[in-house]
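Residue strings, one per chain:
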Amino acid sequence: MHELSVVMGIIKIAEDYAIAAGAHSVDEVELDIGTLSGIDMDSMDFAWKQAKKGTMLNDSVKKINSITAKAKCLDCNAEFPIKNYYDACPVCGEHLINIICGKELKVRSLLVS
Amino acid sequence: MCATCGCGSDGKTTYFLVDKDLSHIRDHNHSHPHSHDHPHDQGHTHPQPNEKKIIDVEMDVLYQNNLLAERNRGYFDAKNILALNLVSSPGSGKTSLLEKTLTDLKAELCFAVIEGDQQTNNDADRIFATGTKVTQINTGKGCHLDAHMILHATRGLKPADNSVLFIENVGNLVCPAMFDLGEKERVVIISVTEGDDKPLKYPDMFHSSTLCIINKIDLLPYVPFDIEKVKANAKKVNHKLEIIEVSCTTGEGLPIWYQWLKSKVLQPEPAI
Ligand SMILES: Nc1nc2c(ncn2[C@@H]2O[C@H](COP(=O)(O)OP(=O)(O)O)[C@@H](O)[C@H]2O)c(=O)[nH]1
Ligand SMILES: [Mg+2]
Ligand SMILES: [Zn+2]
Ligand SMILES: [Zn+2]
Ligand SMILES: [Zn+2]
Ligand SMILES: [Zn+2]
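Just so you know, these numbers come straight off a predicted model, no measurement behind them. (Residues numbered from 1 in each chain as written. Chains lettered and ligands numbered in written order. Predicted model: local features only at pLDDT ≥ 70, side-chain atom pairs only at ≥ 80, totals over all residues. Heavy atoms only, no water.)

A word on the overall build of chain A
For the record, the criterion: What counts as a helix is a DSSP run of H or I of at least four residues, what counts as a strand is a run of E of at least two, and both are numbered from the N terminus. We take the radius of gyration over the C-alpha atoms and set the globule estimate at 2.2 Å times the residue count to the 0.38 power. Exposure classes here rest on a 1.4 Å probe applied to the protein chains alone. A residue is buried below 20% of its type maximum, exposed above 50%, and partly exposed in between. Note on definitions: a residue-residue contact is assigned when non-hydrogen atoms from the two residues lie within 4.5 Å. Shrake-Rupley sampling with a 1.4 Å probe provides the accessible areas, and residues are treated as covered by the protein chains on show and by no other component. Counted as positive: Lys and Arg. Counted as negative: Asp and Glu. His and the chain ends are not counted at all. Positions of charges follow a simple convention, taking NZ of Lys, CZ of Arg, CG of Asp or CD of Glu.
The helix and strand inventory of chain A stands at 2 helices and 6 strands. Ordered by position from N to C terminus, the α and β elements of chain A give α-β-α-β-β-β-β-β. The globule rule puts the C-alpha radius of gyration for 113 residues at 13 Å, and the 17 Å found for chain A is more than 25% above it. Burial statistics for chain A: of 113 residues in total, 49% are counted as buried. Looking at chain A alone, contacts between residues at least 24 apart form 69% of all its contacts between residues at least 6 apart. Accessible surface for chain A amounts to roughly 4,900 Å². Of this, 50% is attributable to carbon and sulfur atoms. On chain A, the mean spot of the 12 positive side-chain charges and the mean spot of the 16 negative ones are 2 Å from each other.

Structure follows, in structure tokens:
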């Protein structure tokens, strides 16, 4: 779905930084992607292959650091990993939880030449 | 440009401010004389050919959109405009809710509307018929509005100070969740003809919204829709979500929505 927009955003950031560093190609893009970032990895792979063609990222590989989402229960303060927003606290069974991490969608670093 | 669904395919987005004469639509298709690029303050060292170099970036992929969204938000704040982003699947009743609201509250509040659709001006025409200022954005293949589009649409529309600006997003419960437009409130609408597991299927949208409107409750006797279950599911995804049940057809529940809306309108601060 929106993964193409996301990939275009990544390419834009990578090219801007690579050009500023005087590089002529981006060899690797390191990304932080949280498991609750809303990114579907298959769509992302597909969009990535299509969109990087003819850009400085043409021969680039992406390295993904997957960040497991965690939440904190507002009732009992337990911290636990979650798969979905609607998961209940494994300690007390409540749904009053706050997401601590897992929504990341970041370009962490680039390898350029 | 568009591989999967065309999100981000730019250059195909068009803007129409619906004019006094309905048959005469003014084209607000902007060329881009300005750029919203951020300045680069990285050092300009030039690596030797074939020299490899690691660059630390640490930048949010949606940085550009988020920056423009904050810019829109600042504009809305400065003019005391209450901006609401309306999201739903196609056909849940976003435009119907707006038609009712604009008609019923026109004596009390000042409104402006931005309509987002892939094609056609039908929704903008429906809004215009209520006597409200409206700009239609056609996204072409794009399946969501983004902050950049709102920036341009707002410039053409020029919503009045202290007004309420409704932004009807493209009918889609997936990608609009990721794109902050600079709105104050995000309102997700579902209708009783949809499944009661919708909040669980589209959790990002329900998690990022502040209000959920359940529409078409006049049809409850005819459909297998468990309203208590959908409310429980929505609350599981987002315990802060407020929920209002309405029917745009019979008007049931609309006063509660109007009350909610008016409670969000801030009185302008007196000039000192
Ligand atoms: N029965 C019933 N139909 C409704 C209600 N609200 C909207 N509709 C119908 O649902 C259809 C889609 O509504 P529309 O406002 O265009 O949905 P949008 O795509 O979300 O903007 C139209 O045929 C409306 O007449 C309602 O409360 N009850
Ligand atoms: Mg509509
Ligand atoms: Zn999409
Ligand atoms: Zn707990
Ligand atoms: Zn622009
Ligand atoms: Zn989209």
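Let's talk about the packing of aromatic side chains
Residues and elements named next belong to chain B. Here is the rule: Planes of paired rings set the category: under 30 degrees apart is stacked, over 60 is edge-to-face and the rest tilted, where pairs are Phe, Tyr or Trp rings (Trp by its six-membered ring) whose centres lie within 6.5 Å.
Enumeration according to the criterion identifies 4 aromatic pairs over all chains in this entry. Relative to phenylalanine 76, the ring of tyrosine 75 lies with its centre 5.8 Å away and its plane at 70 degrees, an arrangement referred to as edge-to-face. Among the residues examined, tyrosine 75 registers a relative accessible area of 33% and is labelled partly exposed. Between phenylalanine 111 and phenylalanine 166 the ring centres are 5.7 Å apart and the planes differ by 15 degrees, which places this aromatic pair in the stacked class. With phenylalanine 111 in strand β5 (residues 111-117) and phenylalanine 166 in strand β7 (residues 164-168), this pair connects stretches of sequence that are 55 residues apart. Residue phenylalanine 166 is classed as buried on the basis of its relative accessible area of 0%. Put simply, the rings of Phe111, Phe166, Trp257 and Trp260 touch in pairs and so form one group of aromatic residues.

Examining the pattern of salt bridges
Residues and elements named next belong to chain B. So the rule is basically this: The working definition used for a salt bridge is a side-chain nitrogen of Lys or Arg within 4 Å of a carboxyl oxygen of Asp or Glu.
Counting across every chain of the model gives 19 salt bridges over all chains. The partner of aspartate 197 in a salt bridge is lysine 201, with the nearest N and O atoms 3.5 Å apart. The class of aspartate 197 is partly exposed, set by a relative accessible area of 29%. Several salt bridges share partner residues, and in doing so they unite Glu70, Arg73 and Asp180 into one network.

Let's talk about the coordination of the zinc ion (ligand 4)
Coordination angles at a metal have ideal targets, namely 109.5 degrees for four tetrahedral donors and 90 or 180 degrees for six octahedral donors. Residue and element names in this part refer to chain A. Stated formally: Donor atoms are limited to N, O and S found within 2.8 Å of the metal ion, a distance that becomes 3.2 Å for Na, K and Ca. With water left out, some sites might look partial. Geometry is assigned from donor-metal-donor angles: four donors are tetrahedral when every angle falls between 85 and 135 degrees, four are square planar and six octahedral when opposite donors sit over 155 degrees apart with all other angles between 65 and 115, and any other arrangement is irregular.
Note on the zinc ion (ligand 4): its protein donors are Cys73 (SG), Cys76 (SG), Cys89 (SG) and Cys92 (SG). The metal-donor distances range over 2.3 Å. Around the zinc ion (ligand 4) sit 4 donor atoms, and with donor-metal-donor angles ranging over 102 to 118 degrees the site reads as tetrahedral. Between the donor residues of the zinc ion (ligand 4), the gaps in sequence give the motif C-x2-C-x12-C-x2-C. With relative accessibility at 4%, the residue cysteine 89 sits in the buried group.

So, the site of ligand 1
Residues and elements named next belong to chain B. Heads up, the rule is: Whether a residue is near a molecule or strand is decided by its heavy atoms; if any one of them lies within 4 Å of it, the residue is near. Counted as a polar contact is a pair of N or O atoms within 3.5 Å, where, for protein atoms, one must be capable of donating a hydrogen and the other of accepting one, and residues adjacent in sequence contribute only when both atoms are in side chains. When residue character is reported, Ala, Val, Leu, Ile, Met, Phe, Trp, Tyr, Cys and Pro are called nonpolar, Asp, Glu, Lys and Arg charged, and the others, Gly included, polar.
The environment of ligand 1 is made up of 17 residues, and the closest members are Lys94, Thr95, Ser96, Asp218 and Cys248. A distance of 2.8 Å separates an oxygen atom of ligand 1 from a polar atom in the backbone of glycine 91. Note that a nitrogen atom of ligand 1 is positioned 2.8 Å from one of the side-chain N or O atoms of threonine 249. Compared with its free state, where it exposes 590 Å², ligand 1 has 71% of that area covered by protein. Counting residues per element, the shell around ligand 1 draws most heavily on helix α2 (residues 94-104), which supplies 3 residues. Counted by class, the shell around ligand 1 contains 3 nonpolar, 9 polar and 5 charged residues.

Interpretation note: all reported values are geometric properties and have no functional meaning in isolation.
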